[in-house]
Amino acid sequence: EDQVTQSPEALRLQEGESSSLNCSYTVSGLRGLFWYRQDPGKGPEFLFTLYSAGEEKEKERLKATLTKKESFLHITAPKPEDSATYLCAVQVNTDKLIFGTGTRLQVFP
Amino acid sequence: DGGITQSPKYLFRKEGQNVTLSCEQNLNHDAMYWYRQDPGQGLRLIYYSQIVNDFQKGDIAEGYSVSREKKESFPLTVTSAQKNPTAFYLCASTLRGAEAFFGQGTRLTVV
């Protein structure tokens with residue numbers, strides 16, 4: 001069965017304290033792995049797409065990496081405005097798009 | 001501007017009533033999806049469709065139904081068989097292998 005697991009469920013950071021979020025997956029036929037940011041009451045906002053092991057993408061304070069079994073979202077020197085829920089999703093060869101349960105990030109000044 | 005439009009933004013359902021949530025996209029995407037999100041939770045897949053007149057059950061399809069008569073439209077009906085429908089519903093569309101675009105969601109409440 002295709003499965004996506006994110007950890008930790010919640011993360012509290014001091015402003016400037018770098019950390020990483022994990023997304024591990026077990027799927028048959030990976031087409032792509034996606035990271036999204038979601039603010040309360042809104043739809044998810046796209047951040048990154050990763051297609052193959054070893055691939056990395058960066059945007060401002062965020063960097064996403066991919067291995068054959070997991071992906072990491074690294075947050076460097078976070079700011080309070082980075083507070084949100086971060087979602088990982090995997091698309092498999094059947095076009096099914098499966099999300100993890102998310103990591104709720106809070107960054108305190 | 002291209003995008004996905006969900007309506008209504010808020011919806012109230014009485015016990016035993018069927019309600020339909022609308023999702024329209026003008027991105028020319030083939031695949032469309034419906035997700036349910038409960039407070040503090042991730043997105044759970046209800047149904048998805050790869051092409052017109054075809055759709056597949058997701059992980060929590062019981063109590064829901066969909067149709068895909070047009071490429072642009074993928075409405076979701078929450079039937080009376082769904083015993084706990086209060087949730088935030090999100091529609092998405094995607095080109096194969098590319099990122100999904102989301103609507104702004106419909107918040108459904110049972111009254």
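Quantities reported herein were computed from a predicted structural model and do not represent experimental measurements. (Residues numbered from 1 in each chain as written. Chains lettered and ligands numbered in written order. Predicted model: local features only at pLDDT ≥ 70, side-chain atom pairs only at ≥ 80, totals over all residues. Heavy atoms only, no water.)

1. Points about the pattern of salt bridges
Pairs can form between side chains of opposite charge whenever their charged atoms are close.
Here's step 1: Summed over the entire model, instances satisfying the criterion amount to 9 salt bridges over all chains.
Here's step 2: Its salt-bridge partner being Asp-39 of chain A, residue Arg-37 of chain A comes within 3.2 Å of it at the nearest N-O pair.
Here's step 3: A single network of salt bridges, built from pairs that share partners, joins Arg-36, Asp-38 and Arg-44 of chain B. (Salt bridge = Lys/Arg side-chain N within 4 Å of Asp/Glu carboxyl O.)

2. Considerations on the interface of chain B and chain A
Interfaces are often described in size by the accessible area the parts lose on coming together.
Here's step 1: The partner chain A presents 21 residues to the 23 residues of chain B that form the contact.
Here's step 2: Both faces considered, chain B and chain A share a buried interface measuring about 1800 Å² in area, 51% of it formed by carbon and sulfur atoms.
Here's step 3: Broken down residue by residue, the surface that chain B buries against chain A is led by Leu-43, Gly-97 and Glu-99 of chain B, which jointly contribute 24%.
Here's step 4: A salt bridge links Asp-59 of chain B to Lys-96 of chain A; the nearest nitrogen and oxygen atoms lie 3.6 Å apart.
Here's step 5: For the side of chain B that touches chain A, the secondary-structure elements that each account for two or more residues are strand E4 (31-37), strand E5 (43-49) and strand E9 (87-94) of chain B.
Here's step 6: The residue inventory of the side of chain B that touches chain A, partitioned by class, reads 10 nonpolar, 9 polar and 4 charged. (Contact = heavy atoms within 4.5 Å. Buried area = accessible area lost by both parts, 1.4 Å probe. Helix = DSSP H or I, 4+ residues; strand = E, 2+ residues; numbered from the N terminus. Nonpolar A, V, L, I, M, F, W, Y, C, P; charged D, E, K, R; others polar.)

3. A closer look at the side chain of Asn-22 of chain A
Here's step 1: Relative to the helices and strands, Asn-22 of chain A resides in strand E3 (residues 19-26).
Here's step 2: Side chain to side chain, Asn-22 of chain A and Glu-70 of chain A meet in a polar contact 2.9 Å long. (Polar contact = N/O pair within 3.5 Å; in protein donor to acceptor, adjacent residues only side chain to side chain.)

4. Some words on the sheet that holds strand E1 (residues 3-7) of chain A
Residue and element names in this part refer to chain A.
Here's step 1: Strand order in the open sheet made by the 5 strands is E1-E3-E8-E7-E6, with antiparallel pairing throughout. The open sheet has two edge strands with one neighbour each: E1 and strand E6 (56-59). Direction aside, the axes of adjacent strands within the sheet are offset by 15° on average.
Here's step 2: Both strand E7 (residues 62-66) and strand E8 (residues 70-75) contribute to a ladder of 5 bridges, which runs antiparallel. Directly across from Leu-62, in E8, lies its bridge partner Ile-75. (Pairing = 2+ DSSP bridges. Axes fitted to C-alpha atoms, helices over the stretch in contact; angles between N-to-C directions.)

5. What about the sheet that holds strand E1 (residues 4-7) of chain B?
Residues and elements named next belong to chain B.
Here's step 1: With antiparallel pairing, 4 strands are arranged side by side in an open sheet as E1-E3-E8-E7. The sheet is open, and its two borders are formed by E1 and strand E7 (64-66), each paired with just one other strand. Along the sheet, successive strands turn relative to each other by an average axial angle of 20°, direction set aside.
Here's step 2: Where E1 lies against strand E3 (residues 19-25), 4 bridges are found, and the strand directions are antiparallel. Bridge assignment links Ser-7 to a residue of E3, and that residue is Ser-22.

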